[in-house]
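What follows is each chain in one-letter form.
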Amino acid sequence: MKALELRYVWEWPVRLTHWFNVIAIIVLSVTGYYIGDPFVSVPSTNSYVMGWMRFLHFVFAYVFAISWVVRIVWMFFGNQYARFPAFAPWATREGWKHIVGTFNYYTFLKKKVPYVVGHNALAAMAYSGVFVLFLIQIVSGFALYGQFQPGSFWDSAFGWLLPMFGNQGLRLTHHIIMWLLIGFAIHHVYSGWLMDTKEKNGVMGSIFGGYKFIDPDEE
Amino acid sequence: MHDPERSLQEGSVSEEILQKWEARGVSRRDFLKFCSVMTASLALPASFMGQIAEAIEADNRPPVIWMEFQGCTGDSEAFLRANQPTAAELILDYLSVDYHETIMAAAGHQAEAAKHKTVEEYKGKYIAIVEGSIPMGAGGAYCTIAGDSALNIARKVCGNAAATIAVGSCSSYGGIPAAAPNPTGAVSVSEAVPGATVINLPGCPLNAENLTAAIVHFLTFKKLPATDQFGRPKFAYGKRIHDNCERRGHFDAGQYAEGFGDAGHRQGWCLYKLGCKGPETFHNCPTVRYNEGTSWPIQAGHGCIGCSEPQFWDTMTPFYRRLPQVPGFGIEATADKLGLGLAAATAVAFGAHGVASALRKGDETDTKVKKED
Ligand code: HEM
Ligand code: SF4
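Note that the coordinates shown come from a computational prediction; the quantities given were computed from them, not determined experimentally.

J.: Outline the layout of surface pockets, listing residues and values.
T.: Quantified by volume, the largest pocket comes out at close to 1200 Å³. Along the wall of the largest pocket there are 46 residues; nearest its centre are H18, Y127, F184, H188 and V189 of chain A. Elements represented by at least two residues in the lining of the largest pocket include exactly helix 1 (12-36), helix 3 (93-106), helix 4 (121-145), helix 7 (167-199) and helix 8 (203-209) of chain A together with helix 18 (335-359) of chain B. Sorting elements by how many residues they give to the lining of the largest pocket places helix 7 of chain A first, with 11 residues. Here the residues of the lining of the largest pocket are counted per class, giving 28 nonpolar, 15 polar and 3 charged. Looking at the second largest pocket, its volume works out to about 730 Å³. Taken together, 31 residues form the lining of the second largest pocket, with I35, H57, F58, L144 and H174 of chain A sitting closest to its centre.

Written out as structure tokens, the structure is:
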């Protein structure tokens, strides 16, 4: 039996974009919720509450969009755990075994989680879905944003979506996806904790430092 | 005292024209005012005033045929609302309106004959104005005038016009008759007569100021003004209501009326939470206002309902809520109620899963020591 080895799994662009996403999503959700339902009404016209909320929303919108693009670009240049195939376990036979195995573990049908170094199969598929939600959120957001100036860059880039889905339809989509992302975040933190305690591979720490404990026997 | 603005205006409009209008009972002041309002509405530099004054003075007045199909006559009302000589009336006097069901003196065969005559004599030269949508259902039987269907009339009259102006949301986009389930198969003029040169002036009703400006543009430049993706002239629909709204300060501050007649509403706070669709609607209501600049919905205390946007009756409802209902979840489901439910359900489900997992033993990966290197 070989001892555990420490391996560098999540390279710095992966970790950096991850934490930018976390901060951006928190800020965008709080400010976005306020934009959708301004629950605080201020007594004085001297304040600028909605103004700041929207300002923050748009600043972090850029942060989030850039982070998304960087992460997608890194899918071409990163290590095997960061590239496209890592997010499509359904494309290989081996991957399918992991999908079924992980599913059985989550539903308490099996006691063992299939061994993986990178993402587990179900998580990887969830992330591909989340990447798509991110994209829809960014595109619908910039389409709405462009309206302040017809003919502006963002209006020309995404304004055509407005007649297609309707202005209100896009807003509703943008609003609902926030809730889907909040649901995802709850699941994501929980699963991280679960796998950290069960697999004992330091997955929670790995997103900070990049290293995971790998068992060479299992690989 | 020397007033530079005044001399600029008078200087650019020739004395001859001013005298002609004076002879007709329109004072120079009123005429200059009209020309400068038009120049401003069309977002043209003041130097165009003279050109505009000349264009509406030329002697070849284009005849106008005003047709009404599935509409409520609101646009005619909006155009005729004036109780004093105004900009719009100047234009009305100046144009020769050969056919307008609501205001013409002629009736029956006589009226139809006048219309046919204009179409024949001024083929390709007259202006067609359409109010109301055109029903395509039941072979056009839902709306007939003098035994002919609205569709046939529109094809003939708009098809032979120099330009067609669709006034109001019904002729521009189908409007209320076209709202789901659209029982008559109502469509807009540009859908009914695809070959026609159409400009849309939506609004429920349209703003007469914009109709006057569009006509003046056509007379001055011999072509219709530049339009946006929905066929609306940019000079009138190029800016969002929300971005020019007088309540915008309250929006940015965070001051919202929560109900009609509450303290915030009485103080003129933003109507966002009462479902205002100003952030979704492009129209010049805040700057031009209705009825000679008297007022407009948001000034009067009612949120915008987005009436100048395509299919507003279907897409902007519910009028008193910000967002539409989530489809498939019944009447009372708002996105936030569903979302909160979803987040709570996820938390509960994973919480339960967590408890079960914590109690479950023997599924851990065996503990090994870290390799010392
Ligand atoms: C995780 C990402 C994001 C979340 C959770 C989020 C959330 C929200 C929410 C809940 C609303 C209110 C919608 C409504 O009820 O009408 C909103 C509005 C908006 N969001 Fe986002 N958003 C995100 C990303 C973006 C991005 C990337 C942009 C791009 C510019 C953007 C631009 C906008 C705009 C323009 C509005 C409407 C603002 C207004 O009408 O004043 N959002 N957002
Ligand atoms: S009243 Fe309507 S258009 Fe005016 S600032 Fe408020 S939301 Fe915008």
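Right, picking up where we left off after that structure.
J.: Would you mind going over a nonpolar patch on the surface in detail, with residue names and values included?
T.: All names here are of chain A. Judged by side-chain polarity, L6, Y8, W12, L16, F20 and Y211 come together as a nonpolar surface patch covering roughly 640 Å² of accessible area. Broken down by element, the nonpolar patch gets its largest block of residues, 3 residues, from helix 1. Here L16 shows up in helix 1.

J.: Report on the pattern of salt bridges, specifying residues and quantitative values.
T.: Residue and element names in this part refer to chain B. This model, assessed by the stated rule, comprises 13 salt bridges over all chains. Note that R232 and E309 form a salt bridge whose closest N and O atoms lie 2.9 Å from each other. Here E309 lies in the loop between helix 16 (285-288) and helix 17 (312-315) and R232 lies in the loop between helix 11 (208-221) and helix 12 (234-237), a separation of 77 residues in the sequence. Taken together, the shared-partner salt bridges connect R240, D243, R248 and D252 into one network.

J.: Describe the coordination of the iron atom of ligand 1, listing the residues and the values that go with them.
T.: Residues and elements named next belong to chain A. For the iron atom of ligand 1, the full set of protein donor atoms is H57 (NE2) and H174 (NE2), at a range of 2.0 Å. For the iron atom of ligand 1, the 6 donor atoms in the first shell make angles of 85 to 178 degrees at the metal, a pattern classed as octahedral. Of this pair, H57 sits in helix 2 (residues 49-77) while H174 sits in helix 7, and the two are 117 residues apart along the sequence. Given a relative accessible area of 18%, H174 falls into the buried group.

J.: Requested: an account of the domain arrangement of chain B, with residues and values cited.
T.: Residues and elements named next belong to chain B. Domain boundaries in chain B define domain 1 (60-237) and domain 2 (239-373). Taking only C-alpha atoms, the centre of domain 1 and the centre of domain 2 are 37 Å apart. Opposite the 24 residues of domain 1 that make contact, domain 2 presents 17 residues. In this assembly, domain 1 packs against domain 2 so that about 1600 Å² is buried in total across both faces, 52% of it on carbon and sulfur atoms. Our enumeration of links across domain 1 and domain 2 arrives at 1 salt bridge. Our count for the contact surface shared by domain 1 and domain 2 stands at 9 residue pairs in polar contact (both at pLDDT 80 or more). Counting residues per element, the ones that place at least two in the side of domain 1 that touches domain 2 are helix 9 (168-173), helix 11 and helix 12. The greatest single-element share of the side of domain 1 that touches domain 2, amounting to 3 residues, is contributed by helix 12.

The rules behind the values
Residues numbered from 1 in each chain as written. Chains lettered and ligands numbered in written order. Predicted model: local features only at pLDDT ≥ 70, side-chain atom pairs only at ≥ 80, totals over all residues. Heavy atoms only, no water. 1 Å grid on protein atoms, 1.4 Å probe; cavity = no way out; pocket = protein on both sides within 12 Å on 5 of 7 lines; lining within 4 Å. Points joined across faces, edges and corners; volume = space filled by probe spheres on them. Helix = DSSP H or I, 4+ residues; strand = E, 2+ residues; numbered from the N terminus. Nonpolar A, V, L, I, M, F, W, Y, C, P; charged D, E, K, R; others polar. Patch = residues over 30% accessible without salt bridge, like charges linked within 9 Å, V, L, I, M, F, W, Y side chains within 5 Å. Areas by Shrake-Rupley, 256 points an atom, 1.4 Å probe, with all protein chains shown as cover. Salt bridge = Lys/Arg side-chain N within 4 Å of Asp/Glu carboxyl O. Donors = N, O, S within 2.8 Å, 3.2 Å for Na, K, Ca; no water. Tetrahedral: all angles 85-135°; square planar, octahedral: opposite > 155°, others 65-115°. Buried < 20%, exposed > 50% of the residue type's maximum accessible area, 1.4 Å probe, protein only. Domains from an automatic or database assignment. Contact = heavy atoms within 4.5 Å. Buried area = accessible area lost by both parts, 1.4 Å probe. Polar contact = N/O pair within 3.5 Å; in protein donor to acceptor, adjacent residues only side chain to side chain.

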